[in-house]
Amino acid sequence: MRETSAIYPGSFDPITNGHVDIIERGLKVFDRVVVAVLKNPKKHPLFTTKERVKMIQEIFASRKEVEVLAFDGLLVDFARAQGTTVVIRGLRAISDFEYEFQMALMNRSLAPDIETFFMMPSVHYSFLSSNVVREVAGLGGSVEGLVPGPIARKLRNKIDRSKKVQIP
Ligand code: PNS
């Protein structure tokens, strides 16, 4: 039987438990999930592309069905290069819908053979985003339960280091 696969793109700066939840749900439907980490230097991510890829690889080290790769350019081109025609996106709330709708239809207009699958994370993560996690961690709040344990530690170290650089 043919292997089914899907691509799960995002910035993952950093990966949250909401992302992990979506990847696990995706694995219930597809044999292989390619986590595609956007190289977005213009957005000035907190973690480098290499760091974001490595963090996700570490979390899913025991799951050979999860592949983590960096990409730039059009998502649909990268999906095709990976031999997949399915894009997974998480939908947390109605507020996500407009942006996701626009992106899904743009992708469909660029590549009619590629379908976007929306998956809802657990309600526990419906308020969660990488932005919120970075902000809370940056202000000294706890992100326990919001990101995988190793990511919380890396976030703390990264923020401590960036504070040292800023304070003369
Ligand atoms: O987690 P994010 O930051 O909301 O992910 C956004 C992402 C990476 C899915 C989106 O920016 C993207 O697909 N970028 C690649 C460029 C592209 O294909 N643009 C056309 C679709 S609008």
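No experiment lies behind these values; they were computed from the predicted model shown.

A. Representation of the layout of surface pockets. Here the largest pocket is characterised by a volume of approximately 1,000 Å³. Around the largest pocket sit 41 residues that line it, and Gly-10, Ser-11, Lys-43, Arg-89 and Tyr-99 are the ones nearest its centre. When residues of the lining of the largest pocket are traced back to their parent elements, those giving at least two are β1 (5-10), α1 (17-29), β4 (86-90), α4 (94-110), β5 (115-119) and α5 (130-138). In terms of residue count, the dominant contributor to the lining of the largest pocket is α4 (eight residues). Across the lining of the largest pocket, the residue classes break down as 20 nonpolar, 14 polar and seven charged.

B. Seen up close, the site of the ligand. Neighbouring the ligand are 13 residues, the closest being Gly-10, Ser-11, Leu-75, Arg-89 and Asn-107. In this structure, an oxygen atom belonging to the ligand sits 2.6 Å away from a side-chain N or O atom of Ser-11. Within the backbone of Leu-75, a nitrogen or oxygen atom sits 2.8 Å from an oxygen atom of the ligand. Burial of the ligand by the protein chains amounts to 74% of its free accessible area of 550 Å². Judged by its atoms lying within 2 Å of the grid points, the ligand is housed in the largest pocket. Breaking the shell around the ligand down by element, the ones donating at least two residues are β1 and α4. If one sorts the elements of the shell around the ligand by residue count, α4 sits on top with three residues. Considering only residue class, the shell around the ligand consists of seven nonpolar, four polar and two charged.

C. Up close: the side chain of Arg-32. Relative to the helices and strands, Arg-32 resides in strand β2 (residues 32-38). Here Glu-67 takes part through its side chain, which lies 2.6 Å from a polar atom of the side chain of Arg-32. Arg-32 has contacts with Glu-3, Thr-4, Ser-5, Ala-6, Glu-65, Glu-67 and Gln-82, leaving out every residue within four places of it along the chain.

D. Focus on the packing of aromatic side chains. Taken as a whole and judged by the stated rule, the model has four aromatic pairs. Note on Tyr-8 and Phe-12: the rings are 5.4 Å apart at their centroids and 70 degrees apart in plane angle, and the pair reads as edge-to-face. With respect to burial, Tyr-8 and Phe-12 carry one shared label: buried.

The rules behind these values
Residue indices begin from 1 for each chain and proceed along its sequence in written order. With the structure being a predicted model, the display of local features is reserved for residues of pLDDT at least 70 and the display and counting of side-chain atom pairs for 80 or more, all residues being used for whole-chain, interface and lining totals. No hydrogens and no water enter the side-chain calculation; it runs on all heavy atoms of the structure. A pocket here means an open set of points on a 1 Å grid, computed over the protein atoms alone, that has protein on both sides within 12 Å along at least five of seven lines. A cavity is instead a set of points where a 1.4 Å probe fits but cannot get out; residues with an atom within 4 Å of a point line either one. Grid points are joined across faces, edges and corners, and a volume is the space filled by probe spheres set on the points. Segments assigned H or I by DSSP are reported as helices when at least four residues long, segments assigned E as strands when at least two residues long, and all are numbered from the N terminus. Amino acids are sorted into nonpolar (Ala, Val, Leu, Ile, Met, Phe, Trp, Tyr, Cys and Pro), charged (Asp, Glu, Lys and Arg) and polar (every other residue, Gly among them). Proximity criterion: a residue is near a molecule or strand once any of its heavy atoms comes within 4 Å of it. Here a polar contact is recorded for every N or O atom pair within 3.5 Å, except that within protein the pair must consist of a potential hydrogen donor and a potential acceptor, and residues adjacent in sequence are included only if both atoms are side-chain atoms. Only the protein chains shown count as cover for residues, and all accessible areas are computed by the Shrake-Rupley method using a 1.4 Å probe. Occupancy of a cavity or pocket is assigned to a molecule whenever over half of its atoms lie within 2 Å of that pocket's grid points. By definition in these notes, contact holds between two residues if any of their heavy atoms fall within 4.5 Å. Ring pairs are drawn from Phe, Tyr and Trp, using the six-membered ring of Trp, whenever the two centres fall within 6.5 Å, and their geometry is named by plane angle: stacked under 30 degrees, edge-to-face over 60, tilted for the rest. Residue exposure (1.4 Å probe, protein chains only): buried if accessible area is under 20% of the type maximum, exposed if over 50%, otherwise partly exposed.

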